[in-house]
Amino acid sequence: MFCDFDGTITLSDNIVAVMKQFDPPGWRPIVDDIVALRKSVRQGVGEMFALIPSARRQEITDYILSTAGIRPGFQSLLDWCKASGVEFYVTSGGIDFFVYPMLAPFEIPLDHIYCNGSSFEGERIEILWPHACDGACDNDCGMCKTTVIRRFPKEQYTRILIGDSVTDFAGAKLVDLVFSRSHLTERCAELGLPHIPFETFHDVVRHLDEGDW
């Protein structure tokens, strides 16, 4: 099971929330470029965080911890996976300095959390990309979800993706079932991909218990 973080595990998209809250000059045109596909996610996210001084690291982390919120039922989903012998992986386009603190209460093994890295050694925040695209992906994702999914061959695994937005589109084409929200639901419907819309993780657990996977 591969689960998105921003807007899926959390109730809001944290990168956008950070930019709106700290409002560094020049971030909005970068978002527009990402949405219009003029810039890749990797390039755009890197440029946006480079607008923010490294000294604001703790301030950003504290802001996200106090505002993001965890979608109801997340612990129930983790409990279901553990009881059912299903490996649960977080596949996040978010950044380590807020992803790890948000997930700390849930005791997910660190090697089951894929996200982008960060460096605060310079004057501005630098985003690092430890999980970049493999040779089968040329989307310049930053944190490439399809690269992670391909490590679990379809011949050996039933693969389930949980997500909500553009960073999940490519992965949705690879897996056996998608639990979808927001833009991902629309995209799965357009492409005829097997998907089940959900609002909370309690919905996901209910479908899993009913054998819908």
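From a predicted model like this one, the values you see are computed outputs, not experimental measurements. (Residues numbered from 1 in each chain as written. Predicted model: local features only at pLDDT ≥ 70, side-chain atom pairs only at ≥ 80, totals over all residues. Heavy atoms only, no water.)

Draft legend 1. A look at the pattern of salt bridges. Scanning the entire structure with this criterion turns up 12 salt bridges. Residue aspartate 134 pairs with arginine 150 through a salt bridge whose shortest N-O separation is 2.8 Å. Linking aspartate 134 in the loop between β4 (126–128) and α8 (145–150) with arginine 150 in helix α8, this pair joins segments that are 16 residues apart in sequence. On the basis of relative accessible area, aspartate 134 is assigned to the partly exposed category, the value being 28%. As a salt-bridge pair, aspartate 203 and arginine 206 come within 3.9 Å of each other at their nearest N and O atoms. Note that aspartate 203 and arginine 206 are positioned in helix α11 (residues 201–209) at a spacing of three residues, about one turn of the helix. Arginine 206 gets classed as partly exposed once you look at its relative accessible area, which sits at 40%. Linked by salt bridges that have partners in common, Asp33, Arg38, Lys39 and Glu47 make up one network. (Salt bridge = Lys/Arg side-chain N within 4 Å of Asp/Glu carboxyl O. Helix = DSSP H or I, 4+ residues; strand = E, 2+ residues; numbered from the N terminus. Buried < 20%, exposed > 50% of the residue type's maximum accessible area, 1.4 Å probe, protein only.)

Draft legend 2. Spatial organisation of helix α4 (residues 41–49). For α4, every residue scored as buried is listed here: Gly44, Val45, Gly46, Met48 and Phe49. Of the surrounding secondary structure, the elements contacted by the buried residues of α4 are α2 (14–22), α3 (27–35), β2 (89–95), α7 (96–103) and β4. (Contact = heavy atoms within 4.5 Å.)

Draft legend 3. Quick look at the sheet that holds strand β3 (residues 113–119). Taken in spatial order, the seven strands make up an open sheet running β4-β3-β2-β1-β5-β6-β7, and their pairing is mixed. In the strand order of this sheet, the two ends are held by β4 and β7 (195–197), each with one partner. Sheet analysis places β3 next to β4, joined by three bridges and oriented antiparallel. When the bridges of β4 are listed, glycine 117 appears paired with leucine 128. (Pairing = 2+ DSSP bridges.)

Draft legend 4. A look at the packing of aromatic side chains. Taken as a whole, this structure holds 13 aromatic pairs when the rule is applied. Centroid distance phenylalanine 49 to phenylalanine 97: 6.3 Å. Interplanar angle 85°. Geometry classified as edge-to-face. One end of the pair, phenylalanine 49, is in helix α4; the other, phenylalanine 97, is in helix α7, and 48 residues separate them in sequence. Note on accessibility: phenylalanine 49 and phenylalanine 97 belong to one class, buried. Lying over the aromatic face of phenylalanine 169, arginine 187 brings its terminal NZ or CZ to 5.8 Å of the ring centre. (Phe/Tyr/Trp six-rings, centres within 6.5 Å; stacked < 30°, edge-to-face > 60°. Lys NZ or Arg CZ within 6 Å of the ring centre and 35° of its normal.)

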